[in-house]
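Residue-level structural notes
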Amino acid sequence: MGPGVAVAAVRNAVRACLSDLAPDDLVLAACSGGADSLAVAAALAFVAPRAGLRAGGVTVDHGLQPGSAERAAGVAAVLGGLGLDPARAVAVTVAPPGTGGGPEAAARAARYQALDAVAEQAGAAAVLLGHTLDDQAETVLLGLARGSGGRSLAGMPARRGRYRRPLLAVRRATTGAACAELGLVPWQDPHNSDFRFARARVRHQALPVLEEALGPGVAEALARTASQLRADAECLDDLAFAESGHLRAACSDPAGLEAAWLRTLPAAIRTRVLRDAAIMAGCPHGSLTAGHVEGIDALVTGWRGQRWVDLPGGVRARRRDGQVWFTSTESAELTSGESVGRD
């Protein structure tokens, strides 16, 4: 890769991502200090003023490693040095183990909550995330391994609400090269090479083995598959959302869904309705697997008086009086005797 090529690639991706924004809109770069998000922040600092936009940056201190507060302050200083304003470091408290979803999901939930708060406070039109093509490939592979179904094959969306991922077609090697070209020194997060975390094992073990066995291009193929399936997945999600609203409007209690009506829906729509209901009841988004949803679906399509289904996040799905209910396990314990064989 020649001099300046990597920087240009990242800038072009960020420029394309911002093309629909109005003049003077504020865009924030979410930056951990790693190469991917640092490259995005630098590109935003260059592209935004030339596009008539305002640019800021925010880093989140999860408090999970020694010296994290000092490191976050250092990242915020780098963001300010790039010309981003505001440039903020925000500390969060990550939920302890055992509260559902594992440490990675807990950290992600805390991070997005903080980013939402900063974006709301600053009036940001968009928040840029540094996920690359390699991250997309890892996400697809992790979802397949967990049995999360077609939704995982669709990977991460390029846009969702205020969040945008401009680098989903850019390789991780390019962001590292861009930082080097700009004289920026990325932070190397030790969690990224800690094999206690599934993503680290996929990154350093699973994908290299697949590349060796199947030849180069595995990451690109996984990311391409995600892109091709996302439109289908989003269409099904929209149909499920519409059905979910209809179902809930017909119920006396928003936590109960009519089993007879659910049974008439196509499986692809019904399982999405059930999944969304479980998430709205408190299941962590990233912890609900296809196996969990199949268990809930059996309360509709294979009802024989079976017991409830326990879900991540302390949520319980049960069938009673012809409806599927989603409650907390604590409240469900009070009526657990009614949840078996009654319809």
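Read on for an overview of the structure. (Residues numbered from 1 in each chain as written. Predicted model: local features only at pLDDT ≥ 70, side-chain atom pairs only at ≥ 80, totals over all residues. Heavy atoms only, no water.)

Further remarks concern the overall build of the chain. Within the chain, the regular secondary structure consists of 13 helices and 10 strands. Counting every position in the chain, which comprises 343 residues, the buried fraction comes to 44%. For the chain, the exposed surface amounts to about 16100 Å²; the carbon and sulfur share of it is 56%. (Helix = DSSP H or I, 4+ residues; strand = E, 2+ residues; numbered from the N terminus. Buried < 20%, exposed > 50% of the residue type's maximum accessible area, 1.4 Å probe, protein only. Areas by Shrake-Rupley, 256 points an atom, 1.4 Å probe, with all protein chains shown as cover.)

Given two aromatic rings, one states the distance between the centres and the angle between the planes to describe the pair. Going through the model one piece at a time under the given rule, you end up with one aromatic pair. The interplanar angle of 85° and the centroid separation of 5.2 Å between the aromatic rings of Y112 and Y163 together place this pair among those described as edge-to-face. Separated by 51 residues along the polypeptide, Y112 in helix α4 (residues 102-122) and Y163 in strand β6 (residues 163-164) bring together distant segments of the chain. Residue classification places Y163 among the buried residues on the basis of a relative accessible area of 10%. Positioned over the ring face of F46 is R11, at 3.5 Å from the centre of the ring. The residue whose ring lies beneath R320 is W325, and the NZ or CZ to ring-centre distance is 5.5 Å. (Phe/Tyr/Trp six-rings, centres within 6.5 Å; stacked < 30°, edge-to-face > 60°. Lys NZ or Arg CZ within 6 Å of the ring centre and 35° of its normal.)

Across the interface, helix α1 (residues 5-17) lies against helix α2 (residues 35-50) with an axial gap of 9 Å and an inter-helix angle of 65°. When the axes of α1 and α2 are compared, the pair comes out roughly perpendicular. In this structure, α1 meets α2 at a crossing whose hand is right-handed. Contacts between α1 and α2 involve V10, R11, V14 and R15 from the former and A39, V40, A43, L44, F46 and V47 from the latter. Broken down by class, the residue content of the contact of α1 with α2 amounts to eight nonpolar, no polar and two charged. (Axes fitted to C-alpha atoms, helices over the stretch in contact; angles between N-to-C directions. Parallel < 35°, antiparallel > 145°, perpendicular 65-115°, else oblique. Left-handed = near helix turned anticlockwise from the far one by under 90°. Contact = heavy atoms within 4.5 Å. Nonpolar A, V, L, I, M, F, W, Y, C, P; charged D, E, K, R; others polar.)

Attention now moves to the nonpolar core. Membership of the largest hydrophobic core comes to 34 residues, with the highest contact counts inside it found for V10, V14, L18, V27, L44, L84 and L128. Contributions of two or more residues to this core are made by α1, β1 (26-30), α2, α3 (68-81), β4 (126-128) and α7 (172-182). No other element matches the 11 residues that α2 contributes to this core. Once you skip the residues sitting within four places of it in the chain, L44 turns out to touch V14, L18, V27, L28, A29, P49, A55, G56, L84 and L128. Grouped together as the second largest cluster of nonpolar side chains are 21 residues, L257, L288, I296 and F326 included. (Core = buried A, V, L, I, M, F, W, Y, C linked by side-chain atoms within 4.5 Å.)

Honestly, it's all geometry; don't read function into it.
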